[in-house]
Amino acid sequence: MKWINNMKIRTKLLGSFIIITALTAILGYIGITEMNIIINNEKKLYEKVTVPLGDVVDLVSNFQRIRVNVRDAILAPNKEIREQKYKRIEELKTGFYNAIKPLEETLVTVEGKKVLQKVVESFEDYAKEIENLKILVDNEKKEEAIKLIGGTMKQKNDTCQSNIDRFVELKIKIARETYNLNKQEASSATKFILSIILVVVTFSLILALLISRNIVKIIKSVVTTTNELSESAVNGKLNARGEPEKINPEFRDIVVGINNILDAIVEPLKVAADYINRMAVGDI
């Protein structure tokens, strides 16, 4: 600690300020880093879960509308209306596949990709039955068409709907897991930042205490030396001198100056005393 004692007060104060500033900068950097992690997780939640839910809604909506238009095609009173329903079914099929594409881009797990693939496969199986249904309806075989709807088509419809439901549940599960992860990350970041703040504050207080005590010690040593020299001079101990090497370099000149003053006063007194002693023995 001797090197600290030899430092100037200005250097100590400036060094302390630099250290505190550096610690504050580190704290700020850590805080920003943790916040960016949370923001990126929120972005992931939005891009990979929230936005795709809109596509899932389109997926489900198109699928359900296809079913409605299939029913309406069978019940259409004439060929013109029936063709309109067929056209609408094709548009909804296109909408269904268009909703599939962005969903594929947001999947990051093997399970999700498998479930979506099953949705596509089961929908394609259902779509094939629609073509069979068209043949029956166009050939005025409505009873067989109705039987097809209530039989094979219903089974494939239920399978597709089940796969869609499973996919929706998976998305909700991922959303819940991502939310919990973000919550844990935010909690951990908060605790970590608070811990860093506590360390910085504690270190700052200790540093301030050490420096203040050191400065007080330096000033006290100067005052003590000055008082001792003054007391020695009053008591006639004119040979007493301060020890500059024991004083902080910044204040050594004070002790050196006092020593020089004492030397300037004592030397003439010694000469005068010597003359008086010589005169006392007759040495005029």
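Parameters at a glance
- Residues numbered from 1 in each chain as written.
- Predicted model: local features only at pLDDT ≥ 70, side-chain atom pairs only at ≥ 80, totals over all residues.
- Heavy atoms only, no water.
- Helix = DSSP H or I, 4+ residues; strand = E, 2+ residues; numbered from the N terminus.
- Rg over C-alpha atoms; globule rule 2.2 N^0.38 Å.
- Buried < 20%, exposed > 50% of the residue type's maximum accessible area, 1.4 Å probe, protein only.
- Contact = heavy atoms within 4.5 Å.
- Areas by Shrake-Rupley, 256 points an atom, 1.4 Å probe, with all protein chains shown as cover.
- Lys, Arg positive; Asp, Glu negative; His and termini not counted.
- Charge placed at Lys NZ, Arg CZ, Asp CG, Glu CD.
- Axes fitted to C-alpha atoms, helices over the stretch in contact; angles between N-to-C directions.
- Parallel < 35°, antiparallel > 145°, perpendicular 65-115°, else oblique.
- Left-handed = near helix turned anticlockwise from the far one by under 90°.
- Nonpolar A, V, L, I, M, F, W, Y, C, P; charged D, E, K, R; others polar.
- Salt bridge = Lys/Arg side-chain N within 4 Å of Asp/Glu carboxyl O.
- Core = buried A, V, L, I, M, F, W, Y, C linked by side-chain atoms within 4.5 Å.
- Expected span 1.5 Å × (residues − 1).
- Phe/Tyr/Trp six-rings, centres within 6.5 Å; stacked < 30°, edge-to-face > 60°.
- Lys NZ or Arg CZ within 6 Å of the ring centre and 35° of its normal.

**Student:** Any chance you could break down the overall build of the chain for me, citing the residues and the numbers?
**Tutor:** Counting its secondary structure elements, the chain contains 7 helices and 0 strands. Going from N to C terminus, the chain has its helices and strands arranged as α-α-α-α-α-α-α. Against the 2.2 N^0.38 benchmark of 19 Å for 284 residues, the chain shows a C-alpha radius of gyration of 47 Å, more extended than a compact globule. With respect to the principal axes defined by its C-alpha atoms, the chain has extents near 160 × 25 × 25 Å. Scored against the burial criterion, the 284 residues of the chain give a buried share of 30%. For the chain, long-range pairs separated by at least 24 residues make up 75% of all intrachain contacts whose partners lie at least 6 apart in sequence. As displayed, the chain has an accessible area near 18400 Å², and 61% of this comes from carbon and sulfur atoms. Positive and negative side-chain charges in the chain, numbering 42 and 37 respectively, have mean positions lying 2 Å apart.

**Student:** Explain unusual backbone geometry to me, using residue names and the numbers behind them.
**Tutor:** Most of the time, phi is negative for any residue but glycine, and the peptide bond is trans. Of note in the backbone geometry, Glu140 takes a positive phi value of approximately 60 degrees without being a glycine. Among the structural elements, Glu140 can be located in the loop between α4 (110-138) and α5 (142-150). Of the residues examined, Glu140 reaches a relative accessible area of 54% and is grouped as exposed.

**Student:** Tell me what's going on with the packing of α4 against helix α6 (residues 152-234), and back it up with residues and numbers.
**Tutor:** It is at 9 Å that the axes of α4 and α6 come closest, and there the two elements cross at 155 degrees. Classified by the interaxial angle, the pair formed by α4 and α6 is roughly antiparallel. In this structure, the crossing between α4 and α6 has a hand that is left-handed. In terms of residue class, the contact of α4 with α6 is built from 12 nonpolar, 6 polar and 6 charged.

**Student:** Kindly report on the pattern of salt bridges, identifying the contributing residues and their values.
**Tutor:** Counted by the stated rule, this structure contains 10 salt bridges. In this structure, Lys93 engages Glu90 in a salt bridge whose closest nitrogen and oxygen atoms are separated by 3.6 Å. On the criterion of helical spacing, the pair formed by Lys93 and Glu90 is a turn pair, its members being 3 residues apart in helix α3 (residues 79-105). Under the relative-accessibility criterion, Glu90 is labelled partly exposed at 33%. Each of the salt bridges in this network shares a partner with another, and the network as a whole consists of Glu90, Lys93, Glu131 and Lys134.

**Student:** For the nonpolar core, give the residues involved together with the corresponding values.
**Tutor:** Ranked by internal contacts, the top residues of the largest apolar core, which has 32 residues, are Leu59, Ile66, Val70, Phe96, Leu133 and Phe167. Going through the elements one at a time, α2 (9-75), α3, α4, α5 and α6 are the ones with two or more residues in this core. Looking at this core element by element, the count peaks at 10 residues for α4.

**Student:** Mind laying out α4, listing which residues take part and the relevant values?
**Tutor:** The end-to-end C-alpha distance of α4, which contains 29 residues, comes to 42 Å, matching closely the 42 Å that a straight helix rising 1.5 Å per residue would cover. At the C-terminal side of α4, Glu140 shows a positive phi close to 60 degrees.

**Student:** Lay out the packing of aromatic side chains in plain terms, naming residues and giving numbers.
**Tutor:** Considering all chains together, one arrives at 5 aromatic pairs under this definition. Ring centres 6.2 Å apart and planes at 65 degrees place the aromatic pair Phe63 and Phe123 in the edge-to-face group. Taken as a pair, Phe63 in helix α2 and Phe123 in helix α4 lie far apart in primary sequence, 60 residues in all. For Phe123, a relative accessible area of 0% puts it in the buried group. Within the aromatic cluster, the residues linked to one another by ring pairs are Phe63, Phe96, Tyr97, Phe123 and Tyr126. When the ring centre of Tyr86 is taken as reference, the NZ or CZ atom of Lys134 above it lies at 5.0 Å.

Shape descriptors only; they carry no functional weight alone.
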